[in-house]
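# Summary of the model geometry
Listed below, chain by chain, are the residues.
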Amino acid sequence: MLRIPLLEDLPPVAGKRVLVRVDFNVPIETSSDGTRVVSDDFRIRAALPTINWLLERGAEVSVCTHLGRPGGKPDPKFDVSPIREVFSTLAPKVSILENLRFNPGEEANDPAFLEELIAGFDMYVNDAFGVCHRNHASVVGPPTRLPSAAGRLVEKEVEVLGHLITEPKSPFVVILGGAKVADKLGLIRSLVAHADKVLLGGGMACTFMAAAGIGVGASLKDIAHEDDCRRILSEYPGKIVLPVDSAVLLGNGSVEVVKGPIPMTGKILDIGPETCEVFDQAIQDAETIFWNGPMGMFEDDRFSSGTYSVARSLAQCEGFTVVGGGDSVAALDSAGLSGNIGFLSTGGGAALQLLETGDLPGLVALRQSMMRSLEV
Ligand code: ADP
Ligand code: MG
């Protein structure tokens, strides 16, 4: 993994004005009287180690974030006032700028907006891993102008995810699920090269099953990508492990566990109990495990047992466990098992892109700022 500049690599910060890009895109609820309140302040608290590191060394700190999708114009439904309310009690000395996405220049990476954003600042810190895959002004712009570094959250994500694609302790087992195979093909291609085994579940496993010649009935199948799946299966014989049984919703509305070909009207909506056993064995034998994507339509109780079984297997496993993805982390949370996982990535799309491509625009920008500072 290529190195990125860290807080320790910044010039002395005492008396300097530092702009920190944070990810305070938190859930907000509107109460009956119309006031908007932050319903989960986890992301705000998570930024404190970086902010406090800077404050303890005498820096003057401002933070900036996006919130929701206001579409490039000011909108009171998306202003940062509920965040400011919480943040001012956690970090009273730190100011917070208005929602970055109120300006169309943020998402368009407009140089004029960048000038406006960095005016008056001496340094920049990126602690918003979840947007590091975006070519947005506040992510890739400031490192072209100011001494820059990654904050603690970005540092940790890059360290853990980078480890998976550079020197994972073997056996390295990857579990992938989720609905759409098209979203995850690049990720599968990258991870299958590093992993000893890739266990597939969820809707995306259906296209792989079809490619392997197993009839999947009326299941979610992506015909356009069946050839890609077939190619991956033949390129890595034995590495990809497909479900051996499935929970199937039949045409008459009943649910049945099916082994082998699925009836024409049947839809695979979860992995079956035997598959859970096979996956558990592989997980318990692993030293390194990465999981992304539920094993079925887990929002429906009839199809949640495969996902919860994998969650329990990971929680019991002695190896180093990493979980990424909004729905996978939500499943762990609702099972009360998050505390038993080695590392929960908050990165979503950024985490998957880092695992797929080995780098991210936001990290490239930080590295370029480091190269520039070495030149002068
Ligand atoms: P993550 O957020 O963890 O990255 P994804 O967003 O890729 O996961 O996938 C989660 C979604 O996939 C869930 O909404 C789930 O209901 C859906 N899903 C999983 N398996 C199936 C299936 N067999 N059929 C239909 N939808 C599925
Ligand atoms: Mg999702």
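Residues numbered from 1 in each chain as written. Chains lettered and ligands numbered in written order. Predicted model: local features only at pLDDT ≥ 70, side-chain atom pairs only at ≥ 80, totals over all residues. Heavy atoms only, no water.

## Some details on the packing of helix α8 (residues 181–194) against helix α9 (residues 202–211)
Stated precisely, the cut-off is as follows: Every angle, taken between N-to-C directions, lies between 0 and 180 degrees, and every axis is a line fitted to C-alpha atoms, over only the stretch in contact when it is a helix. The helix and strand labels rest on DSSP assignments: H or I over at least four residues marks a helix, E over at least two residues marks a strand, and numbering proceeds from the N terminus. Angle categories are assigned with fixed cut-offs, so that under 35 degrees is roughly parallel, over 145 is roughly antiparallel, 65 to 115 is roughly perpendicular, and the rest are oblique. Any two residues whose heavy atoms approach within 4.5 Å at even a single point are treated as in contact. Just so you know the grouping, Ala, Val, Leu, Ile, Met, Phe, Trp, Tyr, Cys and Pro go in nonpolar, Asp, Glu, Lys and Arg go in charged, and all remaining residues, Gly too, go in polar.
Between α8 and α9, the shortest axis-to-axis distance is 9 Å and the interhelical angle comes to 75 degrees. It follows that α8 is roughly perpendicular to α9 by the angle criterion. Residue-level contacts link Val181, Lys184, Leu185 and Ile188 of α8 to Met204, Thr207 and Phe208 of α9. Of the residues that constitute the contact of α8 with α9, the class distribution is five nonpolar, one polar and one charged.

## Some words on the packing of α8 against helix α10 (residues 226–235)
A packed helix pair is summarised by two numbers, namely the angle formed by the two axes and the spacing between the axes. The condition is simple: Left-handed describes a crossing whose near helix is turned anticlockwise from the far helix by less than a right angle; the clockwise case is right-handed.
Here α8 crosses α10 at 25 degrees, and the two axes come no closer than 11 Å. One finds that α8 runs roughly parallel with respect to α10. Regarding α8 and α10, the two cross each other, and that crossing is left-handed. Counted together, Val181, Leu185, Ile188 and Arg189 of α8 and Asp228, Cys229 and Ile232 of α10 form the full contact between these two elements.

## So, the pairing of strand β12 (residues 255–259)
Rules: In short, DSSP must find at least two bridges between two strands for them to pair.
Sheet topology places strand β11 (residues 245–249) next to β12; five bridges connect them, and they run antiparallel. Each residue of the ladder has a partner; that of Val248, found in β12, is Glu256. Hairpin remark: β11 followed by β12, antiparallel, with five residues in the connecting loop; positive phi at Gly253, about 90 degrees.

## Remarks on the site of ligand 1
Under the convention used in this document: The near set for a molecule or strand comprises every residue that places at least one heavy atom within 4 Å of it. Whenever two N or O atoms come within 3.5 Å, that pair is a polar contact, provided that in protein one can donate a hydrogen and the other can accept it, and provided that, for residues adjacent in sequence, both atoms are side-chain atoms. Accessible areas in this description were obtained via Shrake-Rupley with a 1.4 Å probe; residue shielding takes into account the shown protein chains only.
In the vicinity of ligand 1 lie 18 residues, with Lys184, Asn292, Glu299, Asp327 and Ser328 positioned nearest. With respect to ligand 1, the backbone of Ala179 contributes an N or O atom lying 3.1 Å from an oxygen atom. Ser328 is positioned with one of its side-chain polar atoms (N or O) 2.5 Å from an oxygen atom of ligand 1. Across the complex, the protein chains shield 81% of the 590 Å² of accessible surface that ligand 1 would expose by itself. When residues of the shell around ligand 1 are traced back to their parent elements, those giving at least two are α9, β13 (267–271) and α13 (326–334).

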